[in-house]
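# A look at the structure
Okay, here's what each chain looks like letter by letter:
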Amino acid sequence: MTAAFCLLTLGAALRLIAPVGGALMGLSAVLWLVSYGLFLWRYAPILLAPRRG
């Protein structure tokens, strides 16, 4: 999860310094997608599993 949070922070920082439509904006989008993909990979099994008890 640490990697996901670091990627999200880096993506947000790139959005602040990137010109609109620039290559850094695209890299920022990729970092956000990877970050949320890692989050989903970690928490989807927990959220989709049947409840115990």
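First, a word on scope: everything that follows refers to the structure included in this document.

Cut-offs used in this document
Residues numbered from 1 in each chain as written. Predicted model: local features only at pLDDT ≥ 70, side-chain atom pairs only at ≥ 80, totals over all residues. Heavy atoms only, no water. Helix = DSSP H or I, 4+ residues; strand = E, 2+ residues; numbered from the N terminus. Rg over C-alpha atoms; globule rule 2.2 N^0.38 Å. Buried < 20%, exposed > 50% of the residue type's maximum accessible area, 1.4 Å probe, protein only. Contact = heavy atoms within 4.5 Å. Areas by Shrake-Rupley, 256 points an atom, 1.4 Å probe, with all protein chains shown as cover.

## With respect to the overall build of the protein
Of regular secondary structure, the protein possesses two helices and zero strands. Taken against the 2.2 N^0.38 rule, which gives 10 Å for 53 residues, the C-alpha radius of gyration of the protein at 15 Å runs more than 25% over that of a compact globule. Considering only C-alpha atoms, the protein reaches an extent of 50 × 20 × 10 Å along its principal axes. Within the protein, the proportion of its 53 residues that are buried is 15%. If you take every contact in the protein between residues at least 6 apart in sequence, the share linking residues at least 24 apart comes to 43%. With the model as given, the accessible surface of the protein reaches about 4,300 Å², and the carbon-plus-sulfur share is 74%.

Interpretation note: all reported values are geometric properties and have no functional meaning in isolation.
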